[in-house]
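Descriptive analysis of the structure
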Amino acid sequence: MTAEKGASLLLVGCGKMGGAMLDGWLAAGTASRVVVVDRAGLPERLAGDARVSLASGADALPDGFVPDVVVLAVKPQVMEEALPAYRALVRPGTVFLSIAAGKTIAYFERLLGEGAVVVRSMPNTPAAIGRGMTVAVPNAHVSAAQRELSDRLLRAVGDVAWVEDEGLLDPVTAVSGSGPAYVFFMVEAMAKAGEAAGLPADLAMRLARATVSGAGALLDASPQQEAADLRKAVTSPNGTTQAALEVLMAPEGMQPVMNAAIDAAARRSRELAG
């Protein structure tokens, strides 16, 4: 198999994240064949796609089907029950690619066997619309070709970064995995502050949503510019933005609060993984 010709994939779990990845693989031609295991069945939009078929479980895969990649997209709380059935697929040529939060490489090696080829990844929820950020880490058995293929599969839902130190996935989870919730809360806070300043509630929320999504789009469209430079470009000397930033950037302002939040999330990630 080569990535260019398309991979044979087993997708275990086809919920919002798994389904978004599947759509991306099919659109990009990354997958030549996908067998899906999901109790809810295949999404209606995939009806009639000859590249995709449904299996009821690990013991009901098509005859002779040997996947290049087993993508583990079930909820973390059911992984313990679901995973042992796939031990029969462990071989040097098959990589197990997990998008389950909090499940370590050692966890997968325990359930699948120490010879399992494993890539652990941490995506975030914007992956559901193809705008995700995923960080991945391979175990010692992952070949260069398998890493490249895993990268192509993950890029179907956004950007991808790789690390060699699995311990970094705890702060990764704290920054990007949980990060969308921080942004949504900022929208809530801005809208409430707008209300407190006299705006009607619906207008305050409309302004906050549009401002945050627009600023994010501008940031994405300006890859050569630092976030600090974009901030400075909006900030006129002695103007309204500077007045607000003097509050937000004060020693007791946003940075120490964000530091504490990221530390709390990373600490909880380590607790859940351990």
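Structure: see above.
Right, let's walk through the structure included here. (Residues numbered from 1 in each chain as written. Predicted model: local features only at pLDDT ≥ 70, side-chain atom pairs only at ≥ 80, totals over all residues. Heavy atoms only, no water.)

Some words on the side chain of Thr-94
Relative to the assigned elements, Thr-94 resides in the loop between helix 2 (76-82) and strand 5 (95-98). At a separation of 2.6 Å, a polar atom in the side chain of Thr-94 contacts the main-chain carbonyl oxygen of Pro-67. For Thr-94, the side chain forms a polar contact with the side chain of Arg-91, separated by 2.9 Å. Those residues within four positions of Thr-94 in sequence are excluded, and the remaining contacts are Val-66, Pro-67, Asp-68, Val-70, Leu-89, Val-117 and Gln-146. (Helix = DSSP H or I, 4+ residues; strand = E, 2+ residues; numbered from the N terminus. Polar contact = N/O pair within 3.5 Å; in protein donor to acceptor, adjacent residues only side chain to side chain. Contact = heavy atoms within 4.5 Å.)

Observations concerning the environment of Phe-184
Inspection of the secondary structure puts Phe-184 in helix 6 (residues 179-196). Relative accessible area serves as the criterion here: at 53%, Phe-184 is assigned to the exposed category. (Buried < 20%, exposed > 50% of the residue type's maximum accessible area, 1.4 Å probe, protein only.)

What about the sheet that holds strand 6 (residues 117-122)?
Pairing is mixed in the open sheet, where eight strands are placed in the order 3-2-1-4-5-6-7-8. Looking at the sheet topology across the chains shown, the edges are occupied by strand 3 (52-55) and strand 8 (158-162). Sheet twist, expressed as the average angle between the axes of neighbouring strands with direction ignored, equals 25°. One ladder, built from four bridges, connects strand 2 (residues 31-37) with strand 3; its direction is parallel. Of the residues in strand 3, the one forming a bridge with Val-37 is Ala-55. (Pairing = 2+ DSSP bridges. Axes fitted to C-alpha atoms, helices over the stretch in contact; angles between N-to-C directions.)

A few points about the layout of surface pockets
Approximately 840 Å³ is the volume found for the second largest pocket. Lining of the second largest pocket is provided by 32 residues; of these, Gly-13, Ala-73, Val-74, Lys-75 and Val-78 occupy positions nearest its centre. Broken down by secondary-structure element, the contributors of at least two residues to the lining of the second largest pocket are helix 1 (16-28) and helix 2. Grouping the constituent residues of the lining of the second largest pocket by class yields 19 nonpolar, eight polar and five charged. (1 Å grid on protein atoms, 1.4 Å probe; cavity = no way out; pocket = protein on both sides within 12 Å on 5 of 7 lines; lining within 4 Å. Points joined across faces, edges and corners; volume = space filled by probe spheres on them. Nonpolar A, V, L, I, M, F, W, Y, C, P; charged D, E, K, R; others polar.)

So, the packing of aromatic side chains
Across all of its chains, the model carries one aromatic pair by this definition. Taking 5.4 Å as the distance between ring centres and 85° as the angle between the ring planes, the aromatic pair formed by Tyr-107 and Phe-108 counts as edge-to-face. What makes Tyr-107 buried here is its relative accessible area of 9%. With relative accessibility at 0%, the residue Phe-108 sits in the buried group. (Phe/Tyr/Trp six-rings, centres within 6.5 Å; stacked < 30°, edge-to-face > 60°.)

Looking at the side chain of Thr-134
Positionally, Thr-134 belongs in strand 7 (residues 132-138). The contacts of Thr-134, once residues within four sequence positions are left out, are Ser-121, Met-122, Pro-123, Leu-154, Asp-159, Val-160 and Ala-161.

With respect to unusual backbone geometry
Within the chain, Asn-238 stands out as a residue other than glycine whose phi angle is a positive 60°. Here Asn-238 lies in the loop between helix 8 (227-234) and helix 9 (240-248). Overall, Asn-238 belongs to the exposed group, its relative accessible area being 73%.

Thoughts on helix 6
For helix 6, with 18 residues, the first-to-last C-alpha span of 26 Å sits near the 26 Å given by 1.5 Å per residue. Of all the positions in helix 6, only Gly-179, Pro-180, Val-187, Ala-191 and Gly-194 are classed as buried. Looking straight down helix 6, one finds that the buried residues subtend no more than 135° of arc, so they occupy a single side. Residues of helix 6 that are exposed and angled more than 90 degrees away from the buried face: Phe-185, Lys-192 and Ala-196. Gly-198, located one to two residues past helix 6, shows a positive phi value of around 115°. (Expected span 1.5 Å × (residues − 1). Arc of directions from axis to C-beta.)

As for the packing of helix 5 (residues 169-177) against helix 6
Taken N-terminus to C-terminus, the directions of helix 5 and helix 6 make an angle of 30°; their axes are 5 Å apart at the nearest point. Within the contact between the two elements, helix 5 uses Ala-174, Val-175, Ser-176 and Gly-177 and helix 6 uses Gly-179, Pro-180 and Tyr-182.

Describing the pattern of salt bridges
One pass over the structure, following the stated rule, counts ten salt bridges. Residue Asp-220 is joined to Arg-131 by a salt bridge in which the shortest nitrogen-to-oxygen separation is 3.0 Å. Remark: Arg-131 occurs in the loop between strand 6 and strand 7 and Asp-220 occurs in helix 7 (residues 201-220); sequence separation between them is 89 residues. Between Arg-155 and Asp-159 there is a salt bridge; the shortest N-O distance is 3.1 Å. What makes Asp-159 partly exposed here is its relative accessible area of 40%. Each of the salt bridges in this network shares a partner with another, and the network as a whole consists of Asp-151, Arg-155 and Asp-159. (Salt bridge = Lys/Arg side-chain N within 4 Å of Asp/Glu carboxyl O.)

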